[in-house]
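Listed below, chain by chain, are the residues.
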Amino acid sequence: MSRRLCVIGVGLIGGSAARRARGLFGEIIGVDADSDNLEQAEALGVIDRGCDHPEQGAETADFVLIATPVGAIEPLFRGLQPVWRSDCVYTDVGSTKGNVIEAARRVFGKVPGNFIPGHPIAGAERSGVEAADSGLFEGKRVILTPLPDSAPEALARVEEFWTYLGAKVEQMEAGRHDEVLAATSHLPHVLAFTLARMLGRKDEQAEIFRYAAGGFRDFTRIASSDPRMWLDICRANREPLLQLLGEYETALREVAALIRSDDAGRLYACFSEARSAREKFLQLTENNHA
Ligand SMILES: NC(=O)c1ccc[n+]([C@@H]2O[C@H](COP(=O)([O-])OP(=O)(O)OC[C@H]3O[C@@H](n4cnc5c(N)ncnc54)[C@H](O)[C@@H]3O)[C@@H](O)[C@H]2O)c1
Ligand SMILES: O=C(O)C(=O)C[C@]1(C(=O)O)C=C[C@@H](O)C=C1
């Protein structure tokens, strides 16, 4: 495949990709705004060498993976524009796709055919290169949201890249991607952050966390995620997220009304329906890993 990979943002996702992509590239260059993280990436052998400026790192690369928070991508495109090469393939891992595509349009006039937007549906609540794991993408989905003008060779190379990393590649229209991920990823993160914050405030007076166990731990694991990353995602995918938050408010009010009126039958039906929905999800994910 390509000879030189440049990873911009050598954190959990960029670092995990770099670790696993070793066999595909002769050299891996890393760029990161956090110099300590970059030094650590080099010390851990995740990258061969670090570079302070994205344009320097990308200039001589054959494949560029952008793995920064989504809010950083537009300024990065601006920095890369003067050194953008037609014989290089560019892709990203951002959790939202519509805003990345719009950013490319604003900077380049149109989305360059050799930029293929992507999103691995795999991750963790941890950040930074220290958390990087070469097996992170094994058996997981990666959604690519190419455009009608995307270059078939670039698309093929990005597919080949993720397949090598152990992932299953699918394609989706960007708007559909953002709606789907708002429901299954962005909404749950907002709920977990909100609950952890609300109970954290109570804990200050009542020390309730002392008595919290698996239920609270499972529900709020993702509230340990990086606030900067999630700030960017919520701002980028505002409309689908607000729509779902409205639906969630209505659903919560329905449950509250059933509890208030002690409507045991409907409350039981409500919890049973929820359990069936989760069982269906578990079956689906088990089948996906088969
Ligand atoms: N964490 C997840 O579960 C997950 C899953 C799929 C996709 N994503 C997406 O992947 C991207 C990276 O997430 P992560 O979890 O790896 O975060 P991370 O914080 O672990 O890594 C991001 C890295 O980018 C660096 N960075 C920030 N701005 C930069 C800039 N302008 N130039 C160069 N480096 C910069 C940071 O210093 C950091 O090291 C985000 O867009 C996120 O939405 C995350
Ligand atoms: O497992 C986690 O901790 C994650 O947050 C992973 C997760 C998700 O919500 O499922 C988070 C953001 C992504 O863009 C993709 C995956």
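All values derive from a computational prediction rather than experimental measurement.

Re the site of ligand 1
Part 1 of the argument: Taken together, 26 residues surround ligand 1, and among them I13, D32, T68, S95 and G128 come closest.
Part 2 of the argument: For ligand 1, an oxygen atom lies 2.8 Å from a polar atom in the backbone of L12.
Part 3 of the argument: Between I13 and ligand 1, the recorded distance is 2.8 Å, taken from a backbone N or O atom to an oxygen atom.
Part 4 of the argument: Mapped onto the shell around ligand 1, the elements with two or more residues apiece are α1 (12–21), β7 (118–120) and α9 (227–236).
Part 5 of the argument: Residue composition of the shell around ligand 1, grouped by class: 14 nonpolar, 10 polar and 2 charged.

Observations regarding the sheet that holds strand β3 (residues 49–51)
Part 1 of the argument: Read across the open sheet, the 6 strands follow the order β3-β2-β1-β4-β5-β6; overall the sheet is parallel. Every interior strand has two partners, whereas the edge strands, β3 and β6 (115–116), have only one.
Part 2 of the argument: With 4 bridges connecting them, strand β4 (residues 63–66) and strand β5 (residues 89–92) associate as parallel partners. Looking across to β5, one finds that F63 is bridged to V89.

So, the confidence of the model for the protein
Part 1 of the argument: Put simply, the protein has an average pLDDT of 96, and 98% of its residues get 70 or more.
Part 2 of the argument: Across the interfaces of the predicted complex, the ipTM metric reaches 0.99, alongside a pTM of 0.97.

Description of the site of ligand 2
Part 1 of the argument: What surrounds ligand 2 is the set S95, H119, G123, A124, E125, S185, H189, R221, I222 and W230.
Part 2 of the argument: Contacts to ligand 2 include R221, whose side-chain N or O atom sits 2.8 Å from an oxygen atom.
Part 3 of the argument: Protein contact buries 82% of the 370 Å² of open area that ligand 2 shows by itself.
Part 4 of the argument: For the shell around ligand 2, the residue count by class is 3 nonpolar, 5 polar and 2 charged.
Part 5 of the argument: If you count residues domain by domain, the shell around ligand 2 takes at least three from each of domain 1 (4–172) and domain 2 (177–289).

Some points on the domain arrangement of the protein
Part 1 of the argument: Once the domains are mapped, the protein shows domain 1 (4–172) and domain 2 (177–289).
Part 2 of the argument: By the criterion of area lost to domain 2, the three top residues of domain 1 are S95, T96 and E125, representing 34% of everything that side buries.
Part 3 of the argument: Our count for the contact surface shared by domain 1 and domain 2 stands at 1 salt bridge.
Part 4 of the argument: Residues R221 and E125 are paired through a salt bridge, measuring 2.5 Å at the closest nitrogen-oxygen approach.

Cut-offs used in this document
- As a convention, each chain's residues are numbered from 1 in the sequence order in which they are written.
- Labels are handed out in written order, letters beginning with A for the chains and numbers beginning with 1 for the ligands.
- It should be noted that, the model being predicted, local features are given only for residues of pLDDT at least 70 and side-chain atom pairs only at 80 or more, the latter also being counted only at that level, while totals for whole chains, interfaces and linings use all residues.
- To get the side-chain values, take all heavy atoms of the structure and skip hydrogens and water.
- Residue proximity to a molecule or strand is established when one non-hydrogen atom of the residue lies within 4 Å of it.
- Two N or O atoms form a polar contact when they lie within 3.5 Å of each other; inside protein one atom must be a possible hydrogen donor and the other a possible acceptor, and for residues adjacent in sequence the pair counts only when both atoms belong to side chains.
- Numbering goes from the N terminus for both helices and strands, where a helix is a DSSP run of H or I of at least four residues and a strand is a run of E of at least two.
- Gly falls in the polar group here, along with every residue not listed as nonpolar (Ala, Val, Leu, Ile, Met, Phe, Trp, Tyr, Cys, Pro) or charged (Asp, Glu, Lys, Arg).
- Between any two strands, pairing holds if DSSP finds at least two bridges.
- For every residue, the predictor assigns a confidence score, pLDDT, that lies between 0 and 100.
- Each accessible area is a Shrake-Rupley estimate made with a 1.4 Å probe; only the visible protein chains count as cover when residues are assessed.
- The domain boundaries here were taken from an automatic or database domain assignment.
- Buried area: the sum, over both parts, of the accessible surface (1.4 Å probe) that disappears when the two are put together.
- Here, a salt bridge means any side-chain nitrogen of Lys or Arg that lies within 4 Å of a carboxyl oxygen of Asp or Glu.

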